[in-house]
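Chain and residue survey
Each chain, written out:
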Amino acid sequence: MKNLERIALMTLTTAYAGYFIQQLLRTHAERLFRLAAGESPYERTHPKPLRSKKS
């Protein structure tokens, strides 16, 4: 029974690690795409306020 618990724990740990790595890669790719598009990292965290158009 102890061997089964160890296998289950390793499977769960591997799944969580895979998800974590996937999220890190997605975040990194998003930052690279934003930089390639010309958006600064500051703009990402401090967006410009929208100005209302007066007719």
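Please refer to the structure higher up on the page.
The structure contained in this document is the topic of the report that follows. (Residues numbered from 1 in each chain as written. Predicted model: local features only at pLDDT ≥ 70, side-chain atom pairs only at ≥ 80, totals over all residues. Heavy atoms only, no water.)

Summing up its helical and strand segments, the chain has two helices and zero strands in all. Put simply, the chain has 55 residues, and 0% of those count as buried. Only carbon and sulfur atoms are counted for the fraction: they give 65% of the accessible area of the chain, which is about 5,800 Å². Looking at the chain, you have 10 positive and 4 negative side-chain charges, and the mean spots of the two groups are 6 Å apart. (Helix = DSSP H or I, 4+ residues; strand = E, 2+ residues; numbered from the N terminus. Buried < 20%, exposed > 50% of the residue type's maximum accessible area, 1.4 Å probe, protein only. Areas by Shrake-Rupley, 256 points an atom, 1.4 Å probe, with all protein chains shown as cover. Lys, Arg positive; Asp, Glu negative; His and termini not counted. Charge placed at Lys NZ, Arg CZ, Asp CG, Glu CD.)

The terminal C-alpha atoms of helix H1 (residues 2–36) lie 51 Å apart, and with 35 residues this matches the ideal 51 Å at 1.5 Å per residue to within 8%. Trailing H1 by a residue or two, Gly38 shows a phi angle of about 95°, which is positive. (Expected span 1.5 Å × (residues − 1).)

Attention now moves to a nonpolar patch on the surface. A cluster of nonpolar side chains, contributed by Phe20, Ile21, Leu24 and Leu25, occupies part of the molecular surface with about 430 Å² of accessible area. Judged by relative accessible area, which is 47%, Ile21 ranks as partly exposed. (Patch = residues over 30% accessible without salt bridge, like charges linked within 9 Å, V, L, I, M, F, W, Y side chains within 5 Å. Salt bridge = Lys/Arg side-chain N within 4 Å of Asp/Glu carboxyl O.)

Okay, the environment of Phe20 next. Along the chain, Phe20 falls in helix H1. Measuring from C-alpha to C-alpha, the distance between Phe20 and Glu30 comes to 15 Å, with ten residues separating the pair along the chain.

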